[in-house]
Amino acid sequence: MAESERVERPSQRHSFARTAVVWEKLQPLLVGSPNPPGSPKAVDAPRAQRVLDIGGGTGGFAVRIAELGHQVTVIDPSPDALAAADRRAQESGVAARVVGLQGDLGDLAAGRLDHDLADIDLVLCHEVFGVVEDHRAALSSIAKVLRPGGALSLLVRQRHAAVLSQAMSGHFQQARRLLDDPGADREHRFTAQELRDLLDESGYSLQSLQAVRVFADLVPATIVDLEVGAIAALVELERAVAERPEYLTLATQMHALAVC
Ligand SMILES: C[S@@+](CC[C@H](N)C(=O)[O-])C[C@H]1O[C@@H](n2cnc3c(N)ncnc32)[C@H](O)[C@@H]1O
C-alpha cells in the first residue's frame, strides 16, 4: 500500500508524521523482501527475514513489515492489543506471517515463551523500555535471540523534551523532578548519552541514533489536519533534523539502531 493511502484520516496523518523517520530507517534492512503479496516469487529471492516485535501492541509496525513479505512475531502482555494486531493482519491479508504471543520481556528472558525465538534478524522494541526495570537484563535477553549481526531497533522517550513539555504546561515542580530523576513520572526517560552508554556496555554497536518527533508533538493538530501539504512538509522537516545531534535534546523520542 502506498504511503499516501495510509494517511487519509487525520489521526493517521499525525501518526504517520510521528513514525516516518523510524520507518525510513528500518526500510533498508527490509528491502529485498521475498514475496510481497501479489508478486511472483523470484527464483533467486532472498529469504524472508525473521522479525520480533517486543511490546508490538496493536501491530502497526508488525503488519507493515509482514506486508513486505517477512515473518513477524509480536510479543505483548495485553490480549486486547494482540487481538487488535491479529485483526489488522487479517485485514491486510498477512495473518499467516504474523504470530502473536502473550508475554513480556521477562518471559523472553526466562525462556517462558513456547515458540522458536532464535536467529532473529531484527528485533523491534518500541516504546517499551520506559516501563522496564532492568534495561541491561532486557538488552541481554534480546541479544540472545538475535542472530550474529542481527539488529535491534530501540525507540525510547527522551528526557529533556519531557522537562520542556511539563514546564510549558505549567507543571514546574514535575519538570524540576524530571530534570534529575529520569523515572519521576513512572516511565523512564533517557538522555542520549545514557542510551549510548547502555547499548555500549551491553555489547551492542550503535549504528545510528536519531531524533524522533521533534516537531510533530508541538504542532497543533488543526494545522496538520487542515492545511494542504502540511503533513508532507512536517515529515520533511522531521527528516531534516533527525540526524542532527543538536536536535536530540528537543525530540520526544530517540531511535537507536544497534547490532550485536
Ligand atoms: C506504548 S505501546 C507501544 C506499542 C508499539 N511498540 C508501538 O510502537 O506502536 C507499549 C506496549 O508495550 C507493552 N508492554 C508493556 N510492558 C511490557 C513488557 N514488560 N514487555 C513487553 N511489552 C510490554 C504494552 O502492552 C503495549 O502494547
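We now turn to the structure provided with this report. What you see is a predicted model, and the numbers here were worked out from it, not measured in a lab.

Conventions used here
- Residues numbered from 1 in each chain as written.
- Predicted model: local features only at pLDDT ≥ 70, side-chain atom pairs only at ≥ 80, totals over all residues.
- Heavy atoms only, no water.
- Helix = DSSP H or I, 4+ residues; strand = E, 2+ residues; numbered from the N terminus.
- Rg over C-alpha atoms; globule rule 2.2 N^0.38 Å.
- Buried < 20%, exposed > 50% of the residue type's maximum accessible area, 1.4 Å probe, protein only.
- Phe/Tyr/Trp six-rings, centres within 6.5 Å; stacked < 30°, edge-to-face > 60°.
- Lys NZ or Arg CZ within 6 Å of the ring centre and 35° of its normal.
- 1 Å grid on protein atoms, 1.4 Å probe; cavity = no way out; pocket = protein on both sides within 12 Å on 5 of 7 lines; lining within 4 Å.
- Points joined across faces, edges and corners; volume = space filled by probe spheres on them.
- Nonpolar A, V, L, I, M, F, W, Y, C, P; charged D, E, K, R; others polar.
- Salt bridge = Lys/Arg side-chain N within 4 Å of Asp/Glu carboxyl O.
- Near = heavy atom within 4 Å.
- Polar contact = N/O pair within 3.5 Å; in protein donor to acceptor, adjacent residues only side chain to side chain.
- Areas by Shrake-Rupley, 256 points an atom, 1.4 Å probe, with all protein chains shown as cover.
- Pairing = 2+ DSSP bridges.
- Axes fitted to C-alpha atoms, helices over the stretch in contact; angles between N-to-C directions.
- Contact = heavy atoms within 4.5 Å.

What to know about the overall build of the protein
In step 1: A tally of helices and strands in the protein yields 11 helices and seven strands.
In step 2: Scaling as 2.2 N^0.38, a compact globule of 260 residues should have a C-alpha radius of gyration of about 18 Å, and the protein matches this with 19 Å.
In step 3: Judged by the C-alpha coordinates and their principal axes, the protein covers about 60 × 45 × 35 Å.
In step 4: Taking all 260 residues of the protein together, the buried fraction comes to 46%.

Quick word on the packing of aromatic side chains
In step 1: Across all of its chains, the model carries two aromatic pairs by this definition.
In step 2: Relative to Tyr 247, the ring of Phe 215 lies with its centre 6.4 Å away and its plane at 55°, an arrangement referred to as tilted. With a gap of 32 residues between them, Phe 215 in the loop between β6 (205-212) and α10 (221-226) and Tyr 247 in the loop between α11 (230-242) and β7 (253-259) connect regions that are remote in the sequence.
In step 3: The partly exposed category is assigned to Phe 215, whose relative accessible area is 21%.
In step 4: Exposure remark for Tyr 247: the relative accessible area of 24% places this residue in the partly exposed category.
In step 5: Above the plane of the ring of Trp 23 lies Arg 64, whose end atom (NZ or CZ) is 4.3 Å from the centre.

Thoughts on the layout of surface pockets
In step 1: Taken as a whole, the second largest pocket encloses approximately 350 Å³ of empty space.
In step 2: Top contributing element to the lining of the second largest pocket by residue count: helix α7 (residues 159-168), with six residues.
In step 3: Of the residues assigned to the lining of the second largest pocket, the class counts are nine nonpolar, four polar and five charged.

Brief notes about the pattern of salt bridges
Proximity of charged atoms lets side chains of opposite charge pair with each other.
In step 1: Evaluated as defined, the whole model comprises 12 salt bridges.
In step 2: For Asp 217, the salt bridge is made with Arg 18, and the minimal N-O distance between the two is 2.8 Å. In this pair, Asp 217 sits in the loop between β6 and α10 while Arg 18 sits in helix α2 (residues 10-30), placing the two residues 199 residues apart along the sequence.
In step 3: The class for Asp 217 is partly exposed, based on a relative accessible area of 29%.

Side note on the site of the ligand
In step 1: In the vicinity of the ligand, 13 residues are found, and the nearest of them are Gly 55, Asp 76, Asp 104, Leu 105 and His 126.
In step 2: Separating a nitrogen atom of the ligand from a backbone N or O atom of Gly 55 is a distance of 2.7 Å.
In step 3: In this structure, an oxygen atom belonging to the ligand sits 2.6 Å away from a side-chain N or O atom of Asp 76.
In step 4: Relative to its unbound accessible surface of 600 Å², the ligand loses 69% to contact with the protein.
In step 5: Residues of the shell around the ligand, tallied by class, amount to five nonpolar, five polar and three charged.

A closer look at the sheet that holds strand β1 (residues 50-54)
In step 1: In space, the seven strands of this open sheet follow the order β3-β2-β1-β4-β5-β7-β6, with mixed pairing throughout. The two strands at the open ends of the sheet, each matched to only one other strand, are β3 (98-102) and β6. Averaged over all pairs of adjacent strands, the angle between strand axes in this sheet comes to 15°, irrespective of strand direction.
In step 2: Sheet strands touched by helix α3 (residues 60-67): β1, β2 (71-76), β3 and β4 (120-126). Its angle to β2, the strand with the most contacts, is close to 170°.

A closer look at empty space enclosed by the protein
In step 1: Tallied over the entire structure, the rule returns one cavity of 30 Å³ or more.
In step 2: Of the voids in this model, the largest cavity is the one considered here, and its volume is about 40 Å³.
In step 3: Looking at the largest cavity, the residues that line it are Arg 18, Thr 19, Val 22, Glu 127, Leu 155, Arg 213 and Gln 253.
In step 4: In terms of residue count, the dominant contributor to the lining of the largest cavity is α2 (three residues).
In step 5: Grouping the amino acids of the lining of the largest cavity by side-chain chemistry returns two nonpolar, two polar and three charged.

Overview of the side chain of Thr 73
In step 1: Topologically, Thr 73 is positioned in strand β2.
In step 2: For Thr 73, the residues in contact, after removing those within four places along its chain, are Val 51, Leu 52, Asp 53, Val 99, Leu 101, His 115 and Leu 117.

A look at the environment of Leu 139
In step 1: Relative to the helices and strands, Leu 139 is located in helix α6 (residues 135-145).
In step 2: Between the alpha carbons of Leu 139 and Leu 152 there is a distance of 9.2 Å; along the sequence they are 13 residues apart.
In step 3: Ignoring any residue separated from it by four or fewer positions in sequence, one finds Leu 139 in contact with Phe 129, Leu 152, Leu 198, Leu 199, Ser 202 and Tyr 204.

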